[in-house]
Amino acid sequence: QNFEHSLDLLSARQNLVASNLANIDTPGYKTRDIDFQFEFLSRIGSDPQTAPAPNVIEPELPSRNDGNNVSLDRETRMLAETGMRFQMA
């Protein structure tokens, strides 16, 4: 069950990263991510809880003048990292 939960979290993260990238030009959009440690430890049976990315893994993501803080570099790094974790699992 831990294995399945881990794969579910990785899949949900890929979807969030794709959503972040899709909203790269949306004014006011804030990057979102999953708090893996919290979700894995709580082993919830529902959809993973999301949080603004600065509260999860980044100290502060800078916002542009339109309030959007999606970073193409960060999101492509997250896609690669999550893909590698999925393959390792």
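What counts as what
- Residues numbered from 1 in each chain as written.
- Predicted model: local features only at pLDDT ≥ 70, side-chain atom pairs only at ≥ 80, totals over all residues.
- Heavy atoms only, no water.
- Helix = DSSP H or I, 4+ residues; strand = E, 2+ residues; numbered from the N terminus.
- Buried < 20%, exposed > 50% of the residue type's maximum accessible area, 1.4 Å probe, protein only.
- Contact = heavy atoms within 4.5 Å.
- Salt bridge = Lys/Arg side-chain N within 4 Å of Asp/Glu carboxyl O.
- Polar contact = N/O pair within 3.5 Å; in protein donor to acceptor, adjacent residues only side chain to side chain.

1. A look at the overall build of the chain
(1) Moving on: A tally of regular secondary structure across the chain gives 4 helices and 2 strands.
(2) Moving on: For the chain, the residues scored as buried account for 31% of the 89 residues in total.
(3) Moving on: Put simply, of all contacts in the chain between residues at least 6 apart along the chain, 59% involve residues at least 24 apart.

2. Regarding the pattern of salt bridges
(1) Moving on: Within the structure shown, the criterion is met by 6 salt bridges.
(2) Moving on: For Arg 13, the salt bridge goes to Glu 81, with nearest N and O atoms at 3.4 Å. Remark: Glu 81 occurs in helix 4 (residues 72-88) and Arg 13 occurs in helix 1 (residues 2-22); sequence separation between them is 68 residues.
(3) Moving on: Judged by relative accessible area, Arg 13 falls into the buried class, the value being 3%.
(4) Moving on: We note a salt bridge from Asp 33 to Arg 74, for which the minimum N-O separation is 3.0 Å.

3. A short note on the environment of Asn 23
(1) Moving on: Within the fold, Asn 23 resides in the loop between helix 1 and strand 1 (32-34).
(2) Moving on: Note: C-alpha distance between Asn 23 and Val 70 (47 residues apart in sequence) is 7.7 Å.
(3) Moving on: Excluding residues that lie within four positions of it along the chain, Asn 23 makes contacts with Tyr 29, Asn 68 and Val 70.
(4) Moving on: Within the structure, the side chain of Asn 23 is placed 2.8 Å from the backbone oxygen of Ser 19, a separation counted as a polar contact.

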